[in-house]
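Residue-level structure breakdown
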Amino acid sequence: HRLDGHFDTLRGLTNIRQLLKEHGVIVAKTKLSELMQTAKFDLLRKLMQKPIFQSLLQELSRAANSNYDAVGSQLSPEDLTFNNPKYSKLVEVLIEHFERKQAIGESTRAIVFSQWRESVTGIVA
C-alpha cells in the first residue's frame, strides 16, 4: 500500500511535467496545486517541505503570474505563446485558414478543441 502511494505520487509529478511541456506553465501550476491539496502520501508531504520543491513552486508561480497584469486580467495571445509553443502554431494555422478564405471571398468558422479549461480561457482571449 505504501509503495503504491509512492508510485502514485511519482506518476502525478510526471504527469505535471508532461503538462508543462504540452500545455504550458499555467495548466501545470494548477494541476500541481491540486496534487498538493490532495497530498495523502508521506512522500509528497515530505517532498513539499524540501527547499528544492519550494523553489520549483516559486518559479512556477512567478512564471504563471508574470502573464497577468496588475489587476489579474486574462492572458494575451503573446503570453500564451510564451507559455506554450502549441499556441503559436494554433495562431499560425488559424490565421492562414481565415486569410485563405477571405482571399476567395468565402466566410468560414473554426472549432478548436482543448482538454484544459486554462487553455480554453487563453485561446478565447
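Here the structure is a predicted model, which is why all the values come from computation and not from measurement.

1. Examining the packing of helix H1 (residues 2-23) against helix H3 (residues 42-49)
At their nearest, the axes of H1 and H3 sit 8 Å apart, and the two run at 50° to each other. Comparing their axes, H3 and H1 come out oblique. Contacts from Arg2, His6, Thr9, Leu10 and Leu13 in H1 reach Leu43, Leu44, Lys46 and Leu47 in H3. Its residues assigned to classes, the contact of H1 with H3 comprises five nonpolar, two polar and two charged.

2. Observations concerning the nonpolar core
In terms of nonpolar packing, the biggest core is built from 13 residues, with Ile16, Val25, Leu32, Leu44, Met48 and Phe53 touching the most fellow members. Only helix H2 (25-37), H3 and helix H4 (51-65) provide two or more residues apiece to this core. A total of five residues in this core trace back to one element, the largest contributor, which is H2.

3. What about the confidence of the model for the protein?
In this model, the protein carries a mean pLDDT of 78, and residues with pLDDT of at least 70 account for 78%. Within the protein, the lowest mean pLDDT, 53, falls on helix H5 (residues 77-83), and the highest, 87, falls on helix H6 (residues 85-103). Residue range residues 68-75 is modelled with pLDDT below 50. Its contacts to residues more than four positions away, or to other chains, number ten contacts.

4. A word on a nonpolar patch on the surface
Together, Leu3, Phe7 and Leu10 give the surface a local cluster of nonpolar side chains, amounting to about 320 Å² of exposed area. In this fold, Leu3 is placed in helix H1.

5. What about H2?
For H2, spanning 13 residues, the distance from its first C-alpha to its last is 18 Å, which sits close to the expected 18 Å at 1.5 Å a residue. All of the buried residues along H2 are Val25, Ile26, Val27, Ala28, Lys31, Leu32 and Leu35.

6. Regarding the environment of Ile123
Along the chain, Ile123 turns up in helix H7 (residues 117-124). Distance in space between the C-alpha atoms of Ile123 and Leu90 is 9.1 Å, their sequence separation being 33 residues.

7. Quick look at the side chain of His97
Mapped onto the elements, His97 comes out in helix H6. Residue class for His97 comes out buried when judged on its relative accessible area of 18%. Beyond its immediate stretch of four places on either side in the chain, His97 contacts Thr108 and Arg109.

8. As for the pattern of salt bridges
Pairing between side chains becomes possible if they bear opposite charge and their charged atoms approach one another. Scanning all chains against the criterion turns up five salt bridges. For the salt bridge of Asp8 with Arg11, the shortest nitrogen-to-oxygen distance reads 2.3 Å. Taken together, the residues Asp8 and Arg11, both in helix H1 and three residues apart, mark about one turn of the helix. Linking Arg100 and Glu96 is a salt bridge whose minimum nitrogen-to-oxygen distance equals 3.3 Å. Of this pair, Arg100 and Glu96 both sit in helix H6, four residues apart, which is roughly one turn of that helix. Here Arg100 falls in the partly exposed class, since its relative accessible area comes to 46%. Classification of Glu96 by relative accessible area gives partly exposed; the value is 45%.

Cut-offs used in this document
Throughout, a residue's number is its position along its own chain's written sequence, starting from 1. The model is predicted, so local features are restricted to residues of pLDDT at least 70 and side-chain atom pairs to those at 80 or more, both for listing and for counting; the totals for chains, interfaces and linings are taken over all residues. Only heavy atoms go into the side-chain values, all of them from the structure, while hydrogens and water stay out. In this analysis, axes come from line fits to C-alpha atoms, helices being fitted only over the stretch in contact, and the angle between any two N-to-C directions falls in the range 0 to 180 degrees. The helix and strand labels rest on DSSP assignments: H or I over at least four residues marks a helix, E over at least two residues marks a strand, and numbering proceeds from the N terminus. An angle below 35 degrees is treated as roughly parallel, one above 145 as roughly antiparallel, one from 65 to 115 as roughly perpendicular, and anything else as oblique. For this analysis, residues touch if any pair of their heavy atoms sits within 4.5 Å. Charged residues are taken to be Asp, Glu, Lys and Arg, nonpolar residues to be Ala, Val, Leu, Ile, Met, Phe, Trp, Tyr, Cys and Pro, and polar residues to be all remaining types, Gly included. We call a set of buried residues a nonpolar core when its members are Ala, Val, Leu, Ile, Met, Phe, Trp, Tyr or Cys and they connect through side-chain atoms within 4.5 Å of each other. To sort residues, take the accessible area from a 1.4 Å probe on protein chains only and compare it with the maximum for the residue type: under 20% means buried, over 50% means exposed, and anything in between is partly exposed. Known as pLDDT, the predictor's per-residue confidence is scaled from 0 to 100. Like-charged residues within 9 Å of one another, or nonpolar side chains (Val, Leu, Ile, Met, Phe, Trp, Tyr) within 5 Å, are grouped into patches, provided each residue has over 30% relative accessible area and no salt bridge. For the accessible areas, the method is Shrake-Rupley and the probe is 1.4 Å, while residue cover comes only from the protein chains on display. Every case where a carboxyl oxygen of Asp or Glu lies within 4 Å of a side-chain nitrogen of Lys or Arg is listed as a salt bridge. Here a helix's expected span is defined as the number of its residues, less one, multiplied by 1.5 Å.

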